[in-house]
Amino acid sequence: MPVLSLVAPFLNEQASAEAFGQFTRALARDVKSRFGLDLEVVLVDDGSTDDSISRYRESLDGNWRIVELSRNFGKEIALFSGIEESRGDFVLTVDADLQHPYEVCIELISTLLADDDLDVVYSVRRDRMRESWTKAIGSKLFYRVINAGQRFDMPENAGDFRIMRRQVATALLSIRDKRRFNKGLYAWMGFKQKGVPYIPAPRAAGETKWSKRGLAALSLEGITSFSALPLRSISVVGVIIGVLGVFYGAEIIVEALLFGTDVPGYPSLMASISVLGGFNLALLGLLGEYIWVTIGEVKDRPLYVVRRIHRSDDVA
Ligand code: UDP
Ligand code: MG
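The rules behind the values
Residues numbered from 1 in each chain as written. Chains lettered and ligands numbered in written order. Predicted model: local features only at pLDDT ≥ 70, side-chain atom pairs only at ≥ 80, totals over all residues. Heavy atoms only, no water. Salt bridge = Lys/Arg side-chain N within 4 Å of Asp/Glu carboxyl O. Helix = DSSP H or I, 4+ residues; strand = E, 2+ residues; numbered from the N terminus. Buried < 20%, exposed > 50% of the residue type's maximum accessible area, 1.4 Å probe, protein only. Donors = N, O, S within 2.8 Å, 3.2 Å for Na, K, Ca; no water. Pairing = 2+ DSSP bridges. Axes fitted to C-alpha atoms, helices over the stretch in contact; angles between N-to-C directions. Contact = heavy atoms within 4.5 Å. Near = heavy atom within 4 Å. Nonpolar A, V, L, I, M, F, W, Y, C, P; charged D, E, K, R; others polar. Phe/Tyr/Trp six-rings, centres within 6.5 Å; stacked < 30°, edge-to-face > 60°. Lys NZ or Arg CZ within 6 Å of the ring centre and 35° of its normal.

S.K.: Sorry if this is basic, but what is going on with the pattern of salt bridges here?
M.R.: Applying the stated criterion across every chain yields a total of 12 salt bridges. Aspartate 61 serves as the salt-bridge partner of arginine 25, at 3.4 Å between the closest nitrogen and oxygen. Highlighted residues: arginine 25 in helix 1 (residues 17–35) and aspartate 61 in the loop between helix 2 (52–59) and strand 3 (64–69), separated in sequence by 36 residues. The exposure class of aspartate 61 is partly exposed, given its relative accessible area of 43%. In this structure, a network of salt bridges that share partners links the residues Glu13, Asp97 and Arg203.

S.K.: Got a minute to help me understand the coordination of the magnesium ion (ligand 2) in this structure?
M.R.: The coordination sphere of the magnesium ion (ligand 2), as far as protein atoms go, consists of Asp97 (OD) and Gln99 (OE1), spread over 1.9 Å. Residue classification places aspartate 97 among the buried positions, given a relative accessible area of 4%.

S.K.: I'm lost on the sheet that holds strand 6 (residues 158–165) in this one. Help?
M.R.: Two orientations exist for strands paired in a sheet by backbone hydrogen bonds: parallel and antiparallel. The eight strands are arranged 7-5-6-4-1-2-3-8 in an open sheet whose pairing can be described as mixed. Each edge of the open sheet carries a strand with a single partner, namely strand 7 (193–198) and strand 8 (306–311). Strand-to-strand twist in this sheet, taken as the mean axis angle between neighbours without regard to direction, amounts to 20°. The pairing of strand 5 (residues 120–125) with strand 7 spans six bridges and is classified as parallel. Each bridged residue has a counterpart across the sheet, and for tyrosine 122 the counterpart in strand 7 is glycine 195. Contacting strand 1 (3–10), strand 2 (38–45), strand 3, strand 4 (90–93), strand 6 and strand 8, helix 3 (residues 75–85) runs over the sheet at an angle of about 155° to strand 1.

S.K.: I keep staring at the site of ligand 1 and nothing clicks. Help me out?
M.R.: With respect to spatial proximity, 16 residues lie near ligand 1, and among them Glu13, Asp46, Asp97, Thr208 and Lys209 are the closest. Split into classes, the residues belonging to the shell around ligand 1 amount to five nonpolar, four polar and seven charged.

S.K.: Looking at this structure, how should I read the packing of aromatic side chains?
M.R.: This model, assessed by the stated rule, comprises eight aromatic pairs. Relative to tyrosine 56, the ring of phenylalanine 20 has its centre 5.9 Å away and its plane inclined at 85°; by these criteria the two rings are edge-to-face. Placement of the pair is phenylalanine 20 in helix 1 and tyrosine 56 in helix 2, with a sequence separation of 36 residues. Each member of the pair, phenylalanine 20 as well as tyrosine 56, carries the same accessibility label: buried. Ring geometry for phenylalanine 80 against tyrosine 304: centres 6.3 Å apart, planes inclined by 65°, an arrangement best described as edge-to-face. Separated by 224 residues along the polypeptide, phenylalanine 80 in helix 3 and tyrosine 304 in the loop between helix 10 (266–299) and strand 8 bring together distant segments of the chain. Both residues of the pair, phenylalanine 80 and tyrosine 304, count as buried. Counting every residue linked through ring pairs, the aromatic cluster contains Phe10, Phe20, Phe23, Tyr56 and Tyr102. In this structure, arginine 71 is placed above the aromatic ring of phenylalanine 73, and the distance from its NZ or CZ to the ring centre is 3.9 Å. Above the face of the tyrosine 186 ring, arginine 162 is positioned so that its terminal group lies 3.7 Å from the ring centre.

The following block contains the structure:
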């Protein structure tokens, strides 16, 4: 029988472990009866400091494993380690906080199984209208920058909640980027993908692990690992300012030589120094950002470290 792997990373989600156990039981039953699939559950403990692991061990049954990472590596890498541990013919990735509704999971599975020509079915969040306008504009701008001039397009608001065939999972695992920006990698891989809209449920318990700063950092990660547009646009601005400067200089020389006009000293000097200095500093910071990414890739450390793998067999 073909196997469906359910992969979910968690960080301090002890309060929703019980509900997650029920979720997997229902899923195991339904995928067997509706699609003839066996379910394998792979959870990843991304450095939880609470009782999550023992709660999950109590509430899961059937075929499950928990990859316990040695510390918090961040959701993107935790998800990677889970996919690497999974063995199924299909891999369904969800959040452990049950924000990804059950019916949508079923819809993703049935959409993929219904079409042999599809490799990936991803979900698209449809609740951006409820967010603050700064966040909405920020997100629009982000996708505008990142999609400019790429050969592939990152669909807006399509995240980690998706199902893929084994072949796609293998391709994803073969990408060894250290600083992983999943949304970008999914798009970079290509394949035949299809989006399904959904509205996330409220969290089963606890609070989001994403702070505003975390989101900003992730966006920067996405931009530096997938786009050279900021670098290029600053070069263009530099060239424009330089050319304007040449004309301005020429004008002053001509006026001074032909008409004997006084050359305005201090104000023009200050203006050019502050404009050029400002752009220089901004570009240096941006360059530093890209160099930092490069250093990370060059160090070639492993992506993650496993402390222990808990298995359903140990319990039995
Ligand atoms: N998560 C994780 N490691 C982290 C942060 C989050 O494994 O460093 C997990 C978290 O437990 C949850 C999922 O990733 O299962 C999504 O996180 P969260 O719900 O905080 O994000 P949001 O849904 O608010 O985008
Ligand atoms: Mg969540």
